[in-house]
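Residues per chain, in single letters:
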Amino acid sequence: MKLEYTPRQKAFRKEIRAWLKKHVPKKPLETFDTPAGFEQHRQWEATLFSGRWSAVTWPKDMGGRGADLIEWLIFEEEYWAAGAPLRVNQNGVFLLAPTLMEFGTAEQKARFLPRMAAGQDIWAQGWSEPGAGSDLAAIRCKAEREGDEYVINGQKTWSTRAVWADWLFGMFRSDPNSQRHQGLTFLLLPLMARGITIRPIKQLNGLTGFAEIFFDNVRVPVANRLGDEGAGWSIAMATAGFERGLMLRSPARFQQTAKNLIALYQAHRKTADQDPSLRDAVLKSWMDAEAYTLATYATACRLARGGQIGAEASTNKIVWSELDLLMHETAMRILGARGELMPSAPDAGDLGNWLDGFLFAQAGPIYAGTNEIQRNIIAERMLGLPRA
Ligand SMILES: Cc1cc2nc3c(=O)[nH]c(=O)nc-3n(C[C@H](O)[C@H](O)[C@H](O)COP(=O)(O)OP(=O)(O)OC[C@H]3O[C@@H](n4cnc5c(N)ncnc54)[C@H](O)[C@@H]3O)c2cc1C
């Protein structure tokens, strides 16, 4: 077997590398969990779009490059290696867009996709509610049909980026007499709509990465419905597949963290080597990041041959979230008390990024479906074990 990139893939890598070298901001952007940082990241999405790099896997006529999964992996490797900004429109570009392409009407695609690709509309995801997280089918937030509108009442929570985002995609109970997965409808709505109140939630790092959303007689036109009334669950499960599958967290992100961890270890080797288990943890981090990368390439090749990702998405989610925790915990152990410096601390330098990453890594086993739920899926659908 000859494992090598094709000339076309090599040219693709060269092109993105050169573009990033020219365009990645020399000074890191402010975090997107502040109003100024959010706008800087929106501007960066527009810059990416100007080079046709904001949505590489989308079809060309929708502003993408029609890149296949291997090209996407290459794009991500170059993107992370270049230290390019985090993607503020991840919910839109990687989650909603594939769902829209599969289930949206031609009008909806034309209306939403170009603005999304250009960073003009930043999207938030509105699924979770108090009492409907892991048990998503317990959604209670209502969308009652009145003529050619839905009237929404209720609450969503934990909605990432919703504090400054423009649009929300969410699932609502359109049939008040329905139970569980039935009677749910997938709607797209502007967060500026009358009757919406957004209450920011403070994260561990003191910033507001997500929000509660309250709906008080919010009117949404039927034209903003994705798919049929009552078909929301199966559409949302397609989105969840994209989320847990390949697109949410590319292996390049973790390969880059592993490289940074090795550099950190080398810079602190004298003290770090006093505890041999630290060296083992650094090595394991690097090996696991490489293994995850190779496994993802194998999956991408399988999908290219017409395969499905299925419950394997759940194993991916567990692997990357636990790897992220291991890497950041190891960095904290190497840094000792200095690891507690916030990025904003005067003496933090680059070290503050480790604390930020460590705090965010705690959320990895929770968002996009908790790891306990992923383990249930693996047990039932991959291993065929009986339901607990
Ligand atoms: C950083 C972050 C960003 C998020 N962004 C969004 C967003 O943009 N939009 C959105 O809609 N939601 C978002 N969420 C919410 C996320 O999807 C939920 O937190 C998650 O689904 C868990 O739901 P819950 O918090 O209600 O916990 P619960 O469902 O109450 O779970 C509590 C605990 O019980 C365990 N548990 C529950 N049921 C079972 C079971 N059947 N078997 C075994 N264990 C079980 C869980 O694993 C967990 O440990 C985000 C969460 C985080 C942390």
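Residues numbered from 1 in each chain as written. Predicted model: local features only at pLDDT ≥ 70, side-chain atom pairs only at ≥ 80, totals over all residues. Heavy atoms only, no water.

Colleague: Report on the overall build of the chain, specifying residues and quantitative values.
Modeller: Looking only at helices and strands, the chain features 12 helices and eight strands. Across the 388 residues that make up the chain, the buried fraction comes to 51%. Residue pairs at least 24 apart in sequence account for 70% of intrachain contacts in the chain once pairs closer than 6 positions are excluded. For the chain, the exposed area adds up to about 18,900 Å²; of that, 55% sits on carbon and sulfur atoms. Positive and negative side-chain charges of the chain, numbering 46 and 43 respectively, have mean locations separated by a distance of 4 Å. (Helix = DSSP H or I, 4+ residues; strand = E, 2+ residues; numbered from the N terminus. Buried < 20%, exposed > 50% of the residue type's maximum accessible area, 1.4 Å probe, protein only. Contact = heavy atoms within 4.5 Å. Areas by Shrake-Rupley, 256 points an atom, 1.4 Å probe, with all protein chains shown as cover. Lys, Arg positive; Asp, Glu negative; His and termini not counted. Charge placed at Lys NZ, Arg CZ, Asp CG, Glu CD.)

Colleague: So what about the site of the ligand? Which residues, and what values?
Modeller: Surrounding the ligand, one finds 16 residues, the nearest of these being Ser 128, Ser 134, Trp 158, Thr 160 and Glu 372. Between Trp 158 and the ligand, the recorded distance is 2.9 Å, taken from a backbone N or O atom to a nitrogen atom. Taking Glu 372, its side chain carries an N or O atom lying 2.6 Å from an oxygen atom of the ligand. Considering the ligand on its own, with 970 Å² of exposed area, one finds that the protein chains cover 64% of that surface. If you list the elements that add at least two residues to the shell around the ligand, you get β3 (149-160) and α12 (371-382). In terms of residue class, the shell around the ligand is made up of seven nonpolar, eight polar and one charged. (Near = heavy atom within 4 Å. Polar contact = N/O pair within 3.5 Å; in protein donor to acceptor, adjacent residues only side chain to side chain. Nonpolar A, V, L, I, M, F, W, Y, C, P; charged D, E, K, R; others polar.)

Colleague: For the layout of surface pockets, give the residues involved together with the corresponding values.
Modeller: As a volume, the second largest pocket reaches approximately 480 Å³. In terms of lining residues, the second largest pocket is bounded by 19 residues, among which Tyr 5, Glu 77, Thr 293, Leu 294 and Tyr 297 are the most central. Elements with a minimum of two residues in the lining of the second largest pocket: α1 (7-23), α3 (69-81), α7 (251-267) and α9 (276-304). (1 Å grid on protein atoms, 1.4 Å probe; cavity = no way out; pocket = protein on both sides within 12 Å on 5 of 7 lines; lining within 4 Å. Points joined across faces, edges and corners; volume = space filled by probe spheres on them.)

Colleague: Tell me about the nonpolar core, and name the residues and values.
Modeller: The biggest cluster of nonpolar side chains holds 52 residues, and the ones touching the most others in it are Trp 53, Trp 58, Leu 96, Met 116, Trp 123, Phe 169 and Phe 186. Counting residues in hydrophobic clusters, the runner-up holds 25 residues, among them Val 88, Cys 141, Ile 196 and Ile 213. (Core = buried A, V, L, I, M, F, W, Y, C linked by side-chain atoms within 4.5 Å.)

Colleague: So what's going on with the pairing of strand β5 (residues 184-190)? Residues and values would help.
Modeller: Counted residue by residue, β5 has six buried out of seven residues, so it is predominantly covered. Bridge count for strand β4 (residues 167-173) against β5 is seven bridges, and the pairing is antiparallel. By the bridge assignment, Arg 173 is partnered in β5 with Leu 184. (Pairing = 2+ DSSP bridges.)

Colleague: Run through the packing of helix α10 (residues 312-335) against helix α11 (residues 352-361), naming residues and quoting values.
Modeller: At a minimum axis distance of 9 Å, the contact between α10 and α11 shows a crossing angle of 140°. If you check the angle between α10 and α11, you find them oblique. Like other packed secondary-structure pairs, α10 and α11 cross with a definite hand, here left-handed. Two secondary-structure elements touch here, α10 through Asp 324, Leu 325, Met 327, His 328, Glu 329, Ala 331, Met 332 and Leu 335 and α11 through Trp 354, Leu 355, Gly 357, Phe 358 and Ala 361. In terms of residue class, the contact of α10 with α11 is made up of nine nonpolar, two polar and two charged. (Axes fitted to C-alpha atoms, helices over the stretch in contact; angles between N-to-C directions. Parallel < 35°, antiparallel > 145°, perpendicular 65-115°, else oblique. Left-handed = near helix turned anticlockwise from the far one by under 90°.)

Colleague: Any details on the packing of aromatic side chains? Residues and values, ideally.
Modeller: Describing an aromatic ring pair means giving the distance of the ring centres and the angle of the ring planes. Scanning all chains against the criterion turns up 17 aromatic pairs. Considering the side-chain rings of Trp 19 and Trp 44, the 6.0 Å spacing of their centres and the 45° angle between planes classify their relative orientation as tilted. Note that Trp 19 is positioned in helix α1 and Trp 44 in helix α2 (residues 35-50), a separation of 25 residues in sequence. The residues Trp 19 and Trp 44 share a single accessibility class, namely buried. Aromatic side chains Phe 112 and Trp 123 sit 5.5 Å apart centroid to centroid with 80° between the ring planes, which places their arrangement in the edge-to-face category. One end of the pair, Phe 112, is in helix α5 (residues 106-117); the other, Trp 123, is in strand β1 (residues 123-126), and 11 residues separate them in sequence. (Phe/Tyr/Trp six-rings, centres within 6.5 Å; stacked < 30°, edge-to-face > 60°.)

Colleague: So what's going on with α10? Which residues, and what values?
Modeller: Side chains of residues three or four places apart in an α-helix project in the same direction, reflecting 3.6 residues per turn. With 24 residues, α10 should cover 34 Å at 1.5 Å per step; its first-to-last C-alpha distance of 35 Å lies within 8% of that length. In the stretch just after α10, Gly 336 is the one whose phi turns positive, near 60°. (Expected span 1.5 Å × (residues − 1).)

Colleague: Please give an account of the side chain of Thr 99 that cites residues and values.
Modeller: Here Thr 99 shows up in helix α4 (residues 90-103). You can call Thr 99 buried: its relative accessible area is 0%.

Colleague: Give me α7: which residues, what numbers.
Modeller: With 17 residues, α7 should reach 24 Å at 1.5 Å per residue; the first-to-last C-alpha distance of 24 Å fits that figure. For α7, the set of buried residues is Pro 251, Ala 252, Arg 253, Phe 254, Gln 255, Gln 256, Thr 257, Ala 258, Leu 261, Leu 264 and Tyr 265.

Colleague: With reference to specific residues and values, describe a nonpolar patch on the surface.
Modeller: Judged by side-chain polarity, Leu 283, Trp 286 and Met 287 come together as a nonpolar surface patch covering roughly 300 Å² of accessible area. Inspection of the secondary structure puts Trp 286 in helix α9. Overall, Trp 286 belongs to the partly exposed group, its relative accessible area being 38%. (Patch = residues over 30% accessible without salt bridge, like charges linked within 9 Å, V, L, I, M, F, W, Y side chains within 5 Å. Salt bridge = Lys/Arg side-chain N within 4 Å of Asp/Glu carboxyl O.)

Take it as geometry only, folks, not as evidence of what the structure does.
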